[in-house]
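Residues per chain, in single letters:
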Amino acid sequence: MSKQEHWNAVYGARAEEALTWFEPTAELSLQLFDEFSVKGAKIIDVGGGASRFVDGLVARGAGPITVLDLSPEALETSKTRLGAMADTVNWVAADITEWTPSSQWDFWHDRAVFHFLTERNQRATYFRALSAGLAPGGVAIIATFAPDGPEKCSNLPVQRWSSADLAVEAETHQPGLLHLVEGRRHVHVTPKGNLQPFEVSIFKRV
Ligand SMILES: C[S@@+](CC[C@H](N)C(=O)[O-])C[C@H]1O[C@@H](n2cnc3c(N)ncnc32)[C@H](O)[C@@H]1O
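Residues numbered from 1 in each chain as written. Predicted model: local features only at pLDDT ≥ 70, side-chain atom pairs only at ≥ 80, totals over all residues. Heavy atoms only, no water.

**Notes on the sheet that holds strand 1 (residues 43-46)**
Now for step 1: Ordered in space as 3-2-1-4-5-9-8, the 7 strands form an open sheet in which the pairing is mixed. Edge positions in the sheet fall to strand 3 (89-93) and strand 8 (178-189), since each of these pairs with one other strand and no more. On average, each strand axis in the sheet is inclined to that of its neighbour by 15°, with strand direction left out of account.
Now for step 2: Across the sheet, helix 5 (residues 120-133) lies against strand 1, strand 4 (105-111), strand 5 (134-145), strand 8 and strand 9 (195-205), angled at about 145° from strand 5, the strand it touches most. (Pairing = 2+ DSSP bridges. Helix = DSSP H or I, 4+ residues; strand = E, 2+ residues; numbered from the N terminus. Axes fitted to C-alpha atoms, helices over the stretch in contact; angles between N-to-C directions. Contact = heavy atoms within 4.5 Å.)

Structure below.
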């Protein structure tokens, strides 16, 4: 099964509210957006899936907004939920590790995507895309499972990160590109009530 087939099957099998990473409102992401973004910022949600982060952004009148995900099925869920407002968003079905950005964004948001990149070459191409796609002075939020977080998500192995280690990894692939502003711990509560420790790394493009 390809990666895209895997994720399409995941989104096809269950309602969005039943997915372990589901949040009724993307509270922390929106809080970080309010804290670290500027008016009129161009936003990209990388691996946005069916997340409701986009709903909160649209409600704030923020944007322009791009949502990228490997799974067209996930993007359809968000488009259907948003209805007519979906036309205000740029939807991209692509693999971030194989994608060449056509533009630059001021706010790069990734919640629970980078940690699936367990191979070094995938992380290299991710950071290459980030380097091409993040505008000078832009902010990149990368939320991964923390070192004491789960070892798997959606039946796939993940690599867990501390913010300090993620900063070293970014520096290895794109020297001098990112400055770690802050790392925040966040514990996500799944719909079944399980706790998942996340590390939210906030970077600024130097
Ligand atoms: C755990 S879900 C998180 C979704 C969303 N960020 C959220 O917070 O609800 C991981 C998402 O990453 C997407 N994904 C996985 N690998 C990807 C890749 N290489 N490129 C783009 N999207 C990817 C999946 O389709 C899925 O929507």
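**Quick look at empty space enclosed by the protein**
Now for step 1: Tallied over the entire structure, the rule returns 1 cavity of 30 Å³ or more.
Now for step 2: The space that makes up the largest cavity amounts to roughly 70 Å³.
Now for step 3: In terms of lining, the largest cavity is formed by Glu23, Leu28, Ser29, Leu32, His109, Arg111, Ile141, Ala143, His186, Phe198 and Val200.
Now for step 4: Counting only elements with at least two residues in the lining of the largest cavity, the list comes to helix 2 (27-36), strand 4, strand 5 and strand 9.
Now for step 5: Here the lining of the largest cavity gets 3 residues from one element, more than from any other, and that element is helix 2.
Now for step 6: Here the lining of the largest cavity is built from residues that sort into 6 nonpolar, 3 polar and 2 charged. (1 Å grid on protein atoms, 1.4 Å probe; cavity = no way out; pocket = protein on both sides within 12 Å on 5 of 7 lines; lining within 4 Å. Points joined across faces, edges and corners; volume = space filled by probe spheres on them. Nonpolar A, V, L, I, M, F, W, Y, C, P; charged D, E, K, R; others polar.)

**Some points on the pairing of strand 2 (residues 65-69)**
Now for step 1: The element strand 2 is extensively covered by neighbouring structure, given that 5 of its 5 residues are classed as buried.
Now for step 2: Of the two faces of strand 2, the one lined by Ile65, Val67 and Asp69 and the one lined by Thr66 and Leu68 are each fully buried.
Now for step 3: The pairing of strand 1 with strand 2 spans 4 bridges and is classified as parallel. Bridge pairing links Ile43 to Ile65 in strand 2.
Now for step 4: Since strand 1 and strand 2 lie parallel, the crossover through helix 3 (residues 53-60) that links them has a hand, and here it is right-handed.
Now for step 5: Bridge count for strand 2 against strand 3 is 5 bridges, and the pairing is parallel. Bridge assignment links Asp69 to a residue of strand 3, and that residue is Ala93.
Now for step 6: In terms of handedness, the path from strand 2 via helix 4 (residues 72-82) over to strand 3 forms a crossover that is right-handed. (Buried < 20%, exposed > 50% of the residue type's maximum accessible area, 1.4 Å probe, protein only. Right-handed = clockwise from strand over helix to strand, strands pointing away.)

**Examining the site of the ligand**
Now for step 1: Neighbouring the ligand are 19 residues; Tyr11, Gly47, Asp69, Asp95 and Arg111 lie closest to it.
Now for step 2: With respect to the ligand, the side chain of Asp69 contributes an N or O atom lying 2.6 Å from an oxygen atom.
Now for step 3: At 2.6 Å, a side-chain N or O of Arg111 approaches an oxygen atom of the ligand.
Now for step 4: Isolated, the ligand exposes 590 Å² of accessible area, and the fraction of that covered by the protein chains is 98%.
Now for step 5: Judged by its atoms lying within 2 Å of the grid points, the ligand is housed in the largest pocket.
Now for step 6: Going through the elements one at a time, helix 1 (3-13) and strand 2 are the ones with two or more residues in the shell around the ligand. (Near = heavy atom within 4 Å. Polar contact = N/O pair within 3.5 Å; in protein donor to acceptor, adjacent residues only side chain to side chain. Areas by Shrake-Rupley, 256 points an atom, 1.4 Å probe, with all protein chains shown as cover. Sits in = over half its atoms within 2 Å of the grid points.)

**Overview of the packing of helix 5 against helix 6 (residues 163-173)**
Now for step 1: Following both chains from N to C, one finds helix 5 and helix 6 inclined at 75°, their axes separated by 9 Å at the closest point. One element, helix 5, and the other, helix 6, form an angle in the roughly perpendicular class. Contact with helix 5, carried on its side by Arg120, Arg123, Ala124 and Phe127, involves Leu166, Glu169, Ala170, Thr172 and His173 of helix 6 and no other residues of that element.
Now for step 2: Looking at the contact of helix 5 with helix 6, its residues break down into 4 nonpolar, 2 polar and 3 charged. (Parallel < 35°, antiparallel > 145°, perpendicular 65-115°, else oblique.)

**Let's talk about the nonpolar core**
Now for step 1: Core analysis: the biggest nonpolar cluster contains 37 residues, and Val54, Ile65 and Trp91 have the highest contact counts within it.
Now for step 2: Once residues lying within four places of it in the same chain are set aside, the contact partners of Val54 are Ile65, Val67, Arg81, Leu82, Val89 and Trp91.
Now for step 3: Formed by 25 residues, the second largest nonpolar core is a distinct cluster that contains Ala94, Ile96, Leu117 and Leu134. (Core = buried A, V, L, I, M, F, W, Y, C linked by side-chain atoms within 4.5 Å.)

By themselves, these are just geometric observations and shouldn't be taken as functional.
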